[in-house]
Amino acid sequence: MLQQLENWNRRMKKWLWLLVIVGLVAATPVVVQRVQTEHTANQIEMVFNYRDLVDISAYKPNPAAFIDEQLERLKEAGVQSMAMFESTLAELKSSRRVMLYNSQDAAMLQGKLLTGDENYTYLLFTSTSNEERLSPIIEKTFMNLGIQVRLWQFDGKNGLILETPIENAVIKMMPQDPVAVEQLVAKGFHIVPRLSDSSEYNQAEMDELLRGYAAIGVKRIVFDGESVKGFNDDAEKKSLTAFAELLNKYDIGFAAIEGLKAPQKGMNKLAYLTKYNVARLHSINGQESFNEPEVLADRFTLATKDRNIRMIYLNASVKKATTKAEIVHSIDNILHTLKEPGKAIASIEANGFTMGQAVPFDIVDSSWQRYAKMVVVVGGVALIALMISFFVPYIMLPVFLIGLVGSAGLFVLKPTFFEQALALGVSISGPTIAMILAVRRVELNPPVTAFGARFKKSIALFVRTTVISLISVPLVIALLNNITYSLVLNQFRGVSLLHFVPLALTALYVFLYRGDSVFKEAGRWLKMPITVLWVVALGVVGVVGMYYLSRTGNAGNVSSFELSFRSLLENTFGVRPRNKEFLMAHPLFIVAAFVAFRYRFAVFAFIVAAMGQLSMVDTFAHIHTPVVISAIRTLLGLGLGLVIGIIGIFVWTIIERCWDAWRPKLQG
């Protein structure tokens, strides 16, 4: 029975490889359309936090003049937009639009004694124009919250009495300060409103608000807080659907903020309902705004080029300068970042972007993609089955058939989980198969001593292994070709597995599958005496492995030296190749292959060298990075790794020949 199954598997293997090739052909036009999508939406929007400017002005002797001066400087430096939070009484007070008092302070102001059980908020407008613009907004907001509002006058100034404690009044959210909005629009800034979900959703009020936004040219909203507008009332009022209808009506999109601990609730649903009218936003906090201009400029350039960022959100702050004995702000540093010496805007434009309001990607998604992806799925399942066949050959065909049935079921029940699981399996399979075939190629060749023959064989093996590993790339891109991955609304899971499993499977094959049988090899290793050297070696491997895994994903820690080295690579080549590929894994593979064609023990180095093969696939699995950038990064890594590997071959050859010459003398 097993013999018959093995014969079937042997005959079917070439057909499975044919299915993989057909899958690659089907994936190619899907990849092309993804590249076409990535070449749209090339406008980058610089957004400054207006509230920070107001807060900084409080440290200046002439706040209004300071704000006006900084706005002119920011505009000249290339900032096109101002982020406007929903206003509060506290913010209006900071802007000198109103003056606030509690009941006790109001009584003292009027020269009266505080009588009765009262703890209200007293408000005076600082000018008639402020009263005309702000009084209706304040009255409407607090009346809607069930708080009584009464007129109040003092010293010829009009005001309001809000029957709530001042601590409560100053945190109530109102629409953006209309006076500030008018001033900013007059200076040529676009407005990017910040909206929270702290108040009950009201469709009529939201319609009026968005109509006003559209009238002043608002194209994008940034949500404030842990959820998007309408999320908290969605279960009861279907408010997300209602809000999306208004956004579509007024052609207003929103931003997805990069780097949040958790995505804002309701973001995915709202994005779907607005046909993904979404732009990715990268922000710097107040403390980071004091960083060196060159460092910030590199960060902005990489964000826009490598991660589909289309909005840069600039916060500013103040700090004490002890040497000057004064309070300094970071606006000057931001200006130096955008212009000289940072040249952030020039660098961004040099990469083919233009400065302007962020627009959504124009998604290229032909109707035939669905059918192409079905073929890709078959090719992906075939590749996984082929990988398994190298370890358990008898189950290749059953795995393929079960994989097809399981894929169909998961596609219906959990399509997102299905595409991610299959993409993970495919991304693991390509590098694993490539490394196993590399080990086999070395093992099947008789030992070679001639330099020229070994050199050609090692380079050819490196190229062959790379090509086989990269089979996974078009399949993974096609499986995950969805705008939700480009916008990181969905994220490819299993990065740690991708970085670990091919290494583990390569090690398994090297240790157990090169002898007469797996069981004999396992027995030989298990019977081997454990020495202190083995314990130390395993400890070192464990530490290195933990460090390696800690560097995977987006949360890996990077030293200041490596940051400087990365910046050097970026400035030299335009795209930074991965250090572990060209500095270690690729050269190690080439040198290990050169050595292994004469000395078989070197195949153990292939276990570590597998890191370079899986890293190439992982580069393309970062779906928020444009395909062209990933391709350039991979080619640079291969080219530099090849050069360093060839140098390594010559170094090894010198060592080898010296050893061959000295060994007889040492033995004698």
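Up top is the structure.
Residues numbered from 1 in each chain as written. Predicted model: local features only at pLDDT ≥ 70, side-chain atom pairs only at ≥ 80, totals over all residues. Heavy atoms only, no water.

Student: Describe unusual backbone geometry, listing the residues and the values that go with them.
Tutor: Along the chain, E340 connects to P341 via a cis peptide bond; the corresponding omega equals 0°. Along the chain, P341 turns up in the loop between α14 (331-338) and α15 (344-350). Even without being a glycine, D155 presents a positive backbone phi close to 55°. In this structure, D155 sits in the loop between β5 (149-154) and β6 (157-162). (Helix = DSSP H or I, 4+ residues; strand = E, 2+ residues; numbered from the N terminus.)

Student: I'd like a description of the pattern of salt bridges, backed by residues and values.
Tutor: Inspection of every chain in the model, using the stated rule, returns 23 salt bridges. Across the salt bridge formed by D224 and R194, the nearest N and O atoms sit 3.7 Å from each other. Taken together, the positions of D224 in strand β8 (residues 220-224) and R194 in strand β7 (residues 190-196) put the pair 30 residues apart, joining distant regions of the chain. Residues joined in a network through salt bridges with shared partners are D68, E72 and K187. (Salt bridge = Lys/Arg side-chain N within 4 Å of Asp/Glu carboxyl O.)

Student: Requested: an account of the sheet that holds β5, with residues and values cited.
Tutor: Spatially, the four strands line up as an open sheet ordered β3-β4-β6-β5, and their pairing is antiparallel. If you trace the sheet from one side to the other, it starts and ends with β3 (98-102) and β5, each paired once. Here the average twist between neighbouring strands, direction ignored, is 25°. As judged from the six bridges shared by β5 and β6, these two strands associate in the antiparallel manner. By the bridge assignment for β6, F154 is matched with K157. (Pairing = 2+ DSSP bridges. Axes fitted to C-alpha atoms, helices over the stretch in contact; angles between N-to-C directions.)

Student: Mind laying out the packing of helix α16 (residues 369-389) against helix α17 (residues 396-413), listing which residues take part and the relevant values?
Tutor: The N-to-C vectors of α16 and α17 enclose an angle of 145°; their axes lie 9 Å apart at closest approach. Note on packing geometry: the crossing formed by α16 with α17 is right-handed. Packed against α16, whose contacting residues are V377, V378, V381, A382, A385, L386, I388 and S389, the element α17 presents M396, V399, F400, G403, L404 and S407 at the interface. Taken together, the residues of the contact of α16 with α17 break down into 11 nonpolar, three polar and no charged. (Left-handed = near helix turned anticlockwise from the far one by under 90°. Contact = heavy atoms within 4.5 Å. Nonpolar A, V, L, I, M, F, W, Y, C, P; charged D, E, K, R; others polar.)

Student: For the nonpolar core, give the residues involved together with the corresponding values.
Tutor: Counting residues in each nonpolar core, the largest one holds 77 residues, and the members touching the most others are L422, V426, I433, L461, F589 and F606. For this core, the element with the highest residue contribution is helix α18 (residues 415-444), accounting for 14 residues. In this view, L422 contacts V377, G380, V381, I384 and L479; residues no more than four positions away in its chain are not counted. (Core = buried A, V, L, I, M, F, W, Y, C linked by side-chain atoms within 4.5 Å. Buried < 20%, exposed > 50% of the residue type's maximum accessible area, 1.4 Å probe, protein only.)

Student: Provide a residue-level description of helix α6 (residues 128-144), including the pertinent values.
Tutor: In an α-helix, one turn spans 3.6 residues, which is why side chains three or four residues apart end up on the same side. The end-to-end C-alpha distance of α6 is 24 Å, a good match for the 24 Å that 17 residues give at a rise of 1.5 Å each. Residue L134 marks the point of greatest curvature in α6, where the axis turns by about 40°; the proline P136 follows within four residues. Buried within α6 we find N130, L134, S135, I138, T141 and F142. Remark: G146 follows α6 within two positions and exhibits a positive phi of approximately 80°. (Expected span 1.5 Å × (residues − 1). Bend = angle between axes of the 7 residues up to and from the residue.)

Student: So what's going on with the pairing of β6? Which residues, and what values?
Tutor: Pairing between strand β4 (residues 121-125) and β6: four bridges, direction antiparallel. When the sheet's bridge partners are listed, T121 is paired in β6 with L162. Connecting β5 to the next strand, β6, in antiparallel fashion are two residues, including D155 with a positive phi near 55°.

Student: Tell me about the environment of K456, and please be specific about residues and values.
Tutor: On the secondary structure map, K456 appears in helix α19 (residues 451-469). Linking K456 and G430, residues 26 residues apart in sequence, is a C-alpha distance of 24 Å.

Student: Can you tell me about the environment of N315, naming the residues and giving the values?
Tutor: Secondary-structure assignment places N315 in the loop between β11 (309-314) and β12 (318-321). Under the relative-accessibility criterion, N315 is labelled buried at 15%. Considered as a pair, N315 and S198 are 117 residues apart in the sequence and their alpha carbons are 22 Å apart. Non-local contacts of N315, meaning those with residues more than four positions away in its chain, are made with N49, D52, I284, N285, G286, S289 and I334. Polar side-chain contacts of N315 include one of 2.9 Å to the side chain of N49. (Polar contact = N/O pair within 3.5 Å; in protein donor to acceptor, adjacent residues only side chain to side chain.)

Student: Tell me what's going on with the packing of aromatic side chains, and back it up with residues and numbers.
Tutor: Counted by the stated rule, this structure contains 18 aromatic pairs. For the pair Y201 and F243, a centre-to-centre distance of 6.3 Å together with 70° between the ring planes defines the contact as edge-to-face. Pair noted here: Y201 is in the loop between β7 and α9 (203-215) and F243 is in helix α11 (residues 239-249), with a separation of 42 residues, a long-range link. The pair Y201 / F243 is uniform in exposure class, with both members buried. Between F462 and F589, the ring centres sit 5.8 Å apart and the planes meet at 50°, which makes this aromatic pair tilted. Note that F462 is positioned in helix α19 and F589 in helix α26 (residues 579-596), a separation of 127 residues in sequence. Each of the two residues, F462 as well as F589, counts as buried. Among the aromatic residues, those joined into a ring-pair cluster are Y101, Y122, W152 and F154. A cation over a ring is seen here: K13 above F390, with NZ or CZ 4.5 Å from the ring centre. Directly above the ring of F594 sits R454, whose terminal nitrogen or CZ lies 4.1 Å from the centroid. (Phe/Tyr/Trp six-rings, centres within 6.5 Å; stacked < 30°, edge-to-face > 60°. Lys NZ or Arg CZ within 6 Å of the ring centre and 35° of its normal.)

Student: Can you lay out the pairing of strand β10 (residues 278-284) for me, pointing to particular residues and giving the numbers?
Tutor: Summarising burial for β10: six of the seven residues are buried, a large majority. In this structure, strand β9 (residues 253-257) lies alongside β10, joined through four bridges in parallel fashion. The residue bridging A256 from the neighbouring strand is R280, located in β10. Alignment of β10 against β11, held across five bridges, turns out to be parallel. Each residue of the ladder has a partner; that of S283, found in β11, is Y313. The parallel pair β10 and β11, bridged by helix α13 (residues 293-306), forms a crossover whose chirality is right-handed. (Right-handed = clockwise from strand over helix to strand, strands pointing away.)

Student: I'd like a description of a nonpolar patch on the surface, backed by residues and values.
Tutor: Together, L583, M584, V608, V643, I644, I647, V651 and I655 make up a nonpolar patch on the protein surface, roughly 640 Å² of accessible area in all. Elements represented by at least two residues in the nonpolar patch include exactly α26 and α28 (627-667). Looking at the nonpolar patch, the element that brings in the most residues is α28, giving five residues. Along the polypeptide, L583 turns up in helix α26. L583 gets classed as partly exposed once you look at its relative accessible area, which sits at 43%. (Patch = residues over 30% accessible without salt bridge, like charges linked within 9 Å, V, L, I, M, F, W, Y side chains within 5 Å. Areas by Shrake-Rupley, 256 points an atom, 1.4 Å probe, with all protein chains shown as cover.)

Student: Give a description of the side chain of E91 that names residues and reports values.
Tutor: Considering the arrangement of structural elements, one finds E91 in helix α4 (residues 89-94). Residue E91 is classed as buried on the basis of its relative accessible area of 9%. Within polar-contact distance, the side chain of E91 engages the side chain of R51 at 3.0 Å. Residues contacting E91, with those up to four places away along its chain left out, are R51, F85 and E86.

Student: Break down the packing of α16 against α18 for me, with residues and values.
Tutor: Running from N to C, α16 and α18 cross one another at 45°; their axes reach a closest spacing of 9 Å. In terms of orientation, α16 and α18 fall into the oblique class. In the crossing of α16 with α18, the sense of the turn from one axis to the other is left-handed. Of the residues in α18, those in contact with V377, G380, V381, L383, I384, L386 and M387 of α16 are F418, L422, G425, V426, I428, S429, G430, T432 and I433. (Parallel < 35°, antiparallel > 145°, perpendicular 65-115°, else oblique.)

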